[in-house]
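Given next are the chains, with one letter for each unit.
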Amino acid sequence: MQSLLSDRLGVKLPIIQAPMAGVATPQLAAAVSNAGALGSLGLGASTAEQAEAQIKATQALTSRPFNVNLFCHQPARRNPTQEQAWIARLQPEFTRLNASPPAALSEIYTSFNHHDALLDVLLRTRPAVVSFHFGLPPQAVIEKLKAQGIVLLATATSLTEAQQSAASGIDGIVAQGYEAGGHRGMFDPQQPDQQLSTLALVQILHQAVDLPLIAAGGIMTSQGIAAALQLGAQAAQLGSAFLLCPEAASDATYREMIRASHPASTVMTAAISGRPARSLESAFTRQTRTATAEEIPDYPLTYALGKALAQAASAQQVAGYGAYWAGQAVALAQPRPAAELIGQWAKELMLVD
């Protein structure tokens, strides 16, 4: 099978920096790409104008390929009774922070499935790689991007999702194990989650799907990268490994929470955003630990309240209410420039002299 990264894109190293919306910056993506791997921007939470600015800023910093990641979630199912009950549940937290919650929840992010302006940005700027999370865009959108020569990736957490991606003409699959930080890439979060580990998922997909695989979840070292390649992946995607890099937008509280707990404790929760996502354990995850799936409004409605609470906490200089996404092995993160990490891994993998 042709190597997706080296043969099609000219990327030297089998390493991809995970998109990490809100944390990945043009500086981080460019540093990774300039070091011989594939950098990424997470633009699922961006407007068309913000996305274009970030893409152009990255293009100004590197001539190498990089990836642009987008969210393809279905519209939220509205349930006013459920939404008001969720606001009421968190009212005491707002009160403690001398703030008031929003009167109603809103869909703060537009799915790429219904975002023509963002599609126009991609067709104008033509990033080398576009990846999809939470599902796939309409087939006509896939065909338009492929017609521009853009390599397309999709996150899959199961064999069924990988097969759907392959049938749509996607070029490669990001096999996201349950260890991964941030949002689960499940196409339908209402369906049961098999919670497959990265190791299990990559092996299953390698036997059943004739597409290049990218292993994602719990990979923090050259040994982890090597293991993913040995299992049949063409590359490894690392996210938490870059959280302490100076080029990342992780704030001081985020960084301190990673450094303060070794091993750092993570939990899978839907209470922050409305979709299952792996976060550092925090005041907010502890406060919402007993919330049931039936109580939590759909994504991104829940995120609207979570972000309002985080802003209220920040105004009072109270930590522990942000979205501190992190994978299970985040304790291994190193506070080093991205290029140094890439160089270290490449040397240990004996990919460079």
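Structure report, in brief.

Scoring rules and cut-offs
- Residues numbered from 1 in each chain as written.
- Predicted model: local features only at pLDDT ≥ 70, side-chain atom pairs only at ≥ 80, totals over all residues.
- Heavy atoms only, no water.
- Helix = DSSP H or I, 4+ residues; strand = E, 2+ residues; numbered from the N terminus.
- Rg over C-alpha atoms; globule rule 2.2 N^0.38 Å.
- Buried < 20%, exposed > 50% of the residue type's maximum accessible area, 1.4 Å probe, protein only.
- Contact = heavy atoms within 4.5 Å.
- Phe/Tyr/Trp six-rings, centres within 6.5 Å; stacked < 30°, edge-to-face > 60°.
- Pairing = 2+ DSSP bridges.
- Right-handed = clockwise from strand over helix to strand, strands pointing away.

With respect to the overall build of the protein
Helix and strand counts for the protein come out as 13 helices and eleven strands. Taking 2.2 N^0.38 as the reference for a compact globule, 353 residues should give roughly 20 Å; the C-alpha atoms of the protein span a radius of gyration of 19 Å, in line with that estimate. Out of the 353 residues in the protein, the part that is buried amounts to 55%. The contacts in the protein between residues at least 6 apart in sequence include a share of 68% that link residues at least 24 apart.

A short note on the packing of aromatic side chains
Across all of its chains, the model carries ten aromatic pairs by this definition. Arranged with centres 5.6 Å apart and planes meeting at 85°, the rings of Phe242 and Trp345 form a pair that is edge-to-face. In this pair, Phe242 is assigned in the loop between strand E9 (235–238) and helix H10 (252–260) and Trp345 in helix H13 (residues 338–348), connecting sequence segments 103 residues apart. Here Phe242 falls in the buried class, since its relative accessible area comes to 0%. For Trp345, a relative accessible area of 1% translates into the label buried. Ring geometry for Tyr299 against Tyr303: centres 6.3 Å apart, planes inclined by 45°, an arrangement best described as tilted.

A closer look at the pairing of strand E3 (residues 66–71)
Counting buried residues in E3 gives six out of six residues, a clear majority hidden from the surface. Covered by surrounding structure in E3 are Phe66, Val68 and Leu70 together with Asn67, Asn69 and Phe71, the residues of both alternating faces. Bridging between strand E2 (residues 39–42) and E3 involves four bridges; their strand directions are parallel. Residue pairing in the sheet places Leu41 in a bridge with Val68 of E3. Since E2 and E3 lie parallel, the crossover through helix H3 (residues 48–61) that links them has a hand, and here it is right-handed.

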